[in-house]
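Reading the structure
So you can see what is in the structure, the chains are spelled out below.
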Amino acid sequence: MDLQSGKLYWPTTVVNPPSYPRLEADISCDVLIIGAGSSGAQCANILCDQGLSVVVVDKRKAGEGSTSSNTALIQYAGEKSFVSLSHSFGEEVAARHLKLCEQSINDIERVSRQLPIDPDFIRRDSLYYASRKEDVPELDEEYALLRKHGFNVDRWDARQIADRYPFQKEAALYYHDDAEMNPLKFVYGLLERVKSRGGSIYENTEITGKRFEQDYALFFTKERHEIRARHVIIAAGYEDSDFKVEKNATLASSYAVITKPIADFASWHKRTLIWETARPYVYMRTTPDNRVIIGGMDKDTSYAGTRDSKILASKDKLVQAFNALFPDIQAEPEYYLGAFYGGTHDGLPVIGQYEAYPHCYVIMAYGDNGTVYNGVLAKVVSDMIVTGSSPDLKIYLQSRPLVAT
Ligand SMILES: Cc1cc2nc3c(=O)[nH]c(=O)nc-3n(C[C@H](O)[C@H](O)[C@H](O)COP(=O)(O)OP(=O)(O)OC[C@H]3O[C@@H](n4cnc5c(N)ncnc54)[C@H](O)[C@@H]3O)c2cc1C
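Figured I'd write up the structure that's included with this text.

A few words on the pairing of strand 3 (residues 54-57). Burial along strand 3 is two-sided: V54 and V56 facing one way and V55 and V57 facing the other are all buried. In this view, the connection linking strand 2 (residues 27-34) to its parallel neighbour strand 3 by way of helix 1 (residues 38-49) has right-handed handedness. Two strands pair when backbone bridges link them, and strand 3 and strand 8 (residues 200-202) are joined in this way by three bridges, in the parallel orientation. For V57, the partnering residue across the bridge sits in strand 8 and is Y202.

Right, let's talk about the nonpolar core for a bit. Formed by 103 residues in total, the largest nonpolar core has its most connected members in L32, I33 and I233. Among the elements that line this core, the one with the most residues is helix 9 (residues 370-387), at nine residues. Excluding anything up to four places from it in sequence, I33 contacts G40, C43, A44, L47, V54, V55, V56, V57, I233 and A235. Counting residues in hydrophobic clusters, the runner-up holds 27 residues, among them Y129, F265, V292 and A331.

A separate point is the packing of helix 1 against helix 9. One way to put it is that helix 1 packs onto helix 9 with a least axis distance of 9 Å and a crossing angle of 40°. Looking at the two axes, helix 1 sits oblique to helix 9. Crossing angle aside, the handedness with which helix 1 passes helix 9 is right-handed. On the side of helix 1, the interface is formed by S38, S39, Q42, C43, I46 and L47, while helix 9 contributes T371, N374, G375, A378, K379, S382, I385 and V386. When the residues that make up the contact of helix 1 with helix 9 are grouped by side-chain class, the tally is six nonpolar, seven polar and one charged.

Right, let's get into the environment of I108. Mapped onto the fold, I108 is located in helix 3 (residues 91-112). The class for I108 is buried, based on a relative accessible area of 2%. Expressed as a C-alpha distance, the spacing of I108 and I74, which sit 34 residues apart in the sequence, is 9.4 Å. In this structure, I108 is in contact with Q42, F121, M181, F186, T371 and V372, ignoring residues within four places of it in sequence.

Around the ligand there are 36 residues in total, and S39, D58, R60, T67 and N70 lie nearest to it. Between the ligand and S66, the relevant distance is 2.9 Å, taken from an oxygen atom to a main-chain nitrogen or oxygen of the residue. Within the contact set of the ligand, an oxygen atom lies 2.9 Å away from a backbone nitrogen or oxygen of L73. Out of a free accessible area of 1000 Å², the ligand has 98% covered by protein chains. Listing elements by their share of the shell around the ligand, those giving two or more residues are helix 1, strand 16 (333-344) and helix 9. A breakdown of the residues in the shell around the ligand according to their chemical character gives 14 nonpolar, 16 polar and six charged.

Attention now moves to helix 4 (residues 136-148). Residues separated by three or four positions in an α-helix point in the same direction, a consequence of the helix having 3.6 residues per turn. Spanning 13 residues, helix 4 covers 18 Å between terminal C-alpha atoms, matching the ideal 18 Å at 1.5 Å per step. Taken together, the buried positions of helix 4 are V136, L139, E142, L145 and L146. Buried-residue contacts for helix 4 involve helix 2 (82-89), helix 3, strand 5 (122-129), strand 6 (153-157) and strand 7 (171-180). Where helix 4 ends, the next residue or the one after it, G150, has phi of about 80°, a positive value.

Calculation notes
Residues numbered from 1 in each chain as written. Predicted model: local features only at pLDDT ≥ 70, side-chain atom pairs only at ≥ 80, totals over all residues. Heavy atoms only, no water. Buried < 20%, exposed > 50% of the residue type's maximum accessible area, 1.4 Å probe, protein only. Helix = DSSP H or I, 4+ residues; strand = E, 2+ residues; numbered from the N terminus. Right-handed = clockwise from strand over helix to strand, strands pointing away. Pairing = 2+ DSSP bridges. Core = buried A, V, L, I, M, F, W, Y, C linked by side-chain atoms within 4.5 Å. Contact = heavy atoms within 4.5 Å. Axes fitted to C-alpha atoms, helices over the stretch in contact; angles between N-to-C directions. Parallel < 35°, antiparallel > 145°, perpendicular 65-115°, else oblique. Left-handed = near helix turned anticlockwise from the far one by under 90°. Nonpolar A, V, L, I, M, F, W, Y, C, P; charged D, E, K, R; others polar. Near = heavy atom within 4 Å. Polar contact = N/O pair within 3.5 Å; in protein donor to acceptor, adjacent residues only side chain to side chain. Areas by Shrake-Rupley, 256 points an atom, 1.4 Å probe, with all protein chains shown as cover. Expected span 1.5 Å × (residues − 1).

Right, here's the structure in full:
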């Protein structure tokens, strides 16, 4: 799949990226992980710490899948609101999901401090503003539910917003303790830690075949080498569909611009992450080298040609949207991209367990908080592999009920 096009920013932030060999022999392991992106790397890190022998393979260079275009706003609140998730799955399940996401952010922070490559994890608050006056009642309902479940969020009125930002909005939710990071350094750091703890990583190693036996699975590479594993995690990102098509999954296109460094962020309260109630939304964050990342303008297309034909126009529209909020900041684009972007119809990420794929878990961390969902799903799947159970598997299994129980 042609995952993304344009001029990517994250690869320019790493001077000597780690590299790994191609698989040149038949091997066996406890756990085979297909995909060396943020999903696969987080799984590998947890499982190595549990003393299992772990092999990670990727058909590209590590981190060169969607992880390279991830704008990496690290948040627990997603595109589908808490209220809306509660309508679909019941309040208890929706609350548990958000708590798991909150925990995943804490875990990402803790792990980030242990990595040999610093992923620039920085705690940031988030401003989620009402794009239109009519969105305020929904925002208030969301606020009430979040507070009921103890989330650290405030509700700001027009005065409080105007006191802190150069734009006028009727109301906003102000989330404390979200974060930003460099997703590519995160993956490199995780993989280097995995390697130092005995895990094996192979790049340019494509999985093209499989066979299942009673107690193990055999996966075959394009070069016809065989990997025998007791458990397999398919963490192939949006290319999971090459293995198993999941009917709950959706594919669209998204866009992002990364500006040249900006001299002064005085008007940007605490360099918060910013997003809005409009759908599709525009969102923004800053980077440690003082750039602005502006993203969104999602389009409902899964054709690479159509996606790419809109990159330049989307770049201009994203900059315009930024200038409408921050007319005092001169935003000059330096990097820009269009990329496929996965979601689910029901708003929750998915762990696929299929009869046709014994010994396998398919991780579909689809949605706007993909990095955080990766962390949640990696923990659930690792618990399944290590202990044989996880109380949270039922929330994410593809067979979960679609109506509140
Ligand atoms: C424009 C954009 C902005 C985003 N912004 C955010 C954000 O702000 N916050 C957030 O949390 N998330 C965001 N996301 C989502 C986030 O990027 C993804 O959830 C995450 O990077 C996915 O990681 P992954 O490991 O699942 O997939 P990938 O990074 O794509 O990794 C999967 C890997 O599997 C490999 N692979 C596939 N098939 C095979 C095979 N047959 N054999 C061997 N290897 C294979 C691929 O080469 C790839 O490297 C964004 C995504 C996009 C596109």
